[in-house]
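The chain contents come next:
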Amino acid sequence: MTRDLIGLAGLDTDQIRRLLVDARAMAARPPMWRGPLDDMLIGLVFLEDSTRTRVSFEIAAQRLGGWTIELSGRGSSVAKGESLADTVRTIEALGVDAIVLRARQDGAAEEAAGVLECPLINAGAGTQEHPTQGLLDAYVFAEAHGRLDTFDLSGLTYAIVGDVDHSRVARSDIAAMTRFGARVICVGPESMCHASIADLGCVVERDFERALQAADAVQMLRMQFERHEEAGPTGASPLIGSLADYRAGYALTADRVKHMKPSAAVMHPGPANRGLEIDDFVADSPRALIRRQVTCGVWVRMAVLAQLVGKG
Ligand code: CP
């Protein structure tokens with residue numbers, strides 16, 4: 001394994017498989033497994049909001065015997081303009097053994113890794129990658145289709161729907177799913193799902209219903225208003241005509257679910273904009289694996305911490 005985890009695109013298939021195999025082993029263990037991180041301190045530097053990733057890294061570190069300290073943008077010297085490099089070096093100087101970083105800007109994970117001596121784990125940076133989300137999504141997709149023994153996803157189709165261009169989850173999912181042989185379809189309007197995303201090894205589809213018929217899982221992306229200029233959670237984004245137009249084309253509604261194969265799963269990395277990209281009926285249906293994604297995220301993050309930071 002490498003010292004840092006910046007993105008899945010930079011790992012080879014065996015490295016990704018080893019993390020998934022270790023995550024599977026973590027799932028089979030009793031919740032507390034002292035040892036790998038005994039007496040180690042993990043710095044959780046979350047300069048952008050998070051619920052799932054931040055809390056699951058905290059739980060993962062504690063289950064491995066480690067301790068965590070947290071720093072957020074608000075209330076820290078980041079709010080006074082301290083640079084990313086100075087911030088992470090300060091946390092390292094306080095004695096942490098690794099830093100888990102979430103940041104708003106592209107390139108943040110590479111920049112931080114470049115100035116640190118301790119391992120750096122990317123917990124979502126800009127629009128680039130969210131590698132532990134890609135790992136947990138591959139884990140859940142494999143589990144849903146009985147592929148946890150090998151993680152071979154060949155013959156399966158995974159559809160990623162919505163605001164693909166602004167999504168670090170989409171990029172990590174494409175890297176993970178295609179490595180294990182899945183066909184990946186990215187679906188969305190041109191303003192949010194540019195044809196160039198196909199350069200990453202996926203297919204671009206504008207017709208959501210056609211993608212739904214083909215998919216073995218549908219990953220509904222959050223509309224990332226904070227990355228759209230002049231957009232707000234209740235208003236239309238400049239990238240779509242109106243929220244009603246967007247829903248008409250790309251929301252996963254009760255009617256649209258009827259186009260899915262009976263065995264196909266609904267996924268969402270969270271947080272979801274219920275009533276926009278996904279309806280309550282779908283998000284709370286038996287085929288929705290959204291909470292399973294959260295649960296598996298702990299095991300994936302345990303595997304990452306144990307491999308990159310742990311003692312043997
Ligand atoms: N999926 C995800 O990264 O969720 P959080 O922003 O809550 O961590």
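Bringing the domain arrangement of the protein chain into the picture now. Here the protein chain is described as being made up of domain 1 (13–130 + 294–308) and domain 2 (131–290). Taken over C-alpha atoms, the centre of domain 1 sits 25 Å from the centre of domain 2. Each side of the interface is counted separately: domain 1 has 30 residues, and domain 2 has 29 residues. Buried surface at the junction of domain 1 and domain 2, both sides included, amounts to about 2,500 Å², of which 61% is carbon and sulfur. Ranking the residues of domain 1 by area buried against domain 2 places Leu 20, Thr 127 and His 130 at the top, with a combined share of 27%. Across the pair Glu 48 and Arg 168 runs a salt bridge whose closest N-O atoms are separated by 2.7 Å.

This paragraph deals with the site of the ligand. Contacts to the ligand come from Ser 50, Thr 51, Arg 52, Thr 53, Arg 102, His 130, Gln 133, Pro 269 and Gly 270. For the ligand, an oxygen atom lies 3.0 Å from a polar atom in the backbone of Arg 52. At 3.2 Å, a backbone N or O of Gly 270 approaches a nitrogen atom of the ligand. Isolated, the ligand exposes 250 Å² of accessible area, and the fraction of that covered by the protein chains is 92%. Structurally, the ligand is housed in the largest pocket. Within the shell around the ligand, the residues separate by chemical class into one nonpolar, six polar and two charged. Each of domain 1 (13–130 + 294–308) and domain 2 (131–290) contributes no fewer than three residues to the shell around the ligand.

Rules behind the numbers
Residues numbered from 1 in each chain as written. Predicted model: local features only at pLDDT ≥ 70, side-chain atom pairs only at ≥ 80, totals over all residues. Heavy atoms only, no water. Domains from an automatic or database assignment. Contact = heavy atoms within 4.5 Å. Buried area = accessible area lost by both parts, 1.4 Å probe. Salt bridge = Lys/Arg side-chain N within 4 Å of Asp/Glu carboxyl O. Near = heavy atom within 4 Å. Polar contact = N/O pair within 3.5 Å; in protein donor to acceptor, adjacent residues only side chain to side chain. Areas by Shrake-Rupley, 256 points an atom, 1.4 Å probe, with all protein chains shown as cover. 1 Å grid on protein atoms, 1.4 Å probe; cavity = no way out; pocket = protein on both sides within 12 Å on 5 of 7 lines; lining within 4 Å. Sits in = over half its atoms within 2 Å of the grid points. Nonpolar A, V, L, I, M, F, W, Y, C, P; charged D, E, K, R; others polar.

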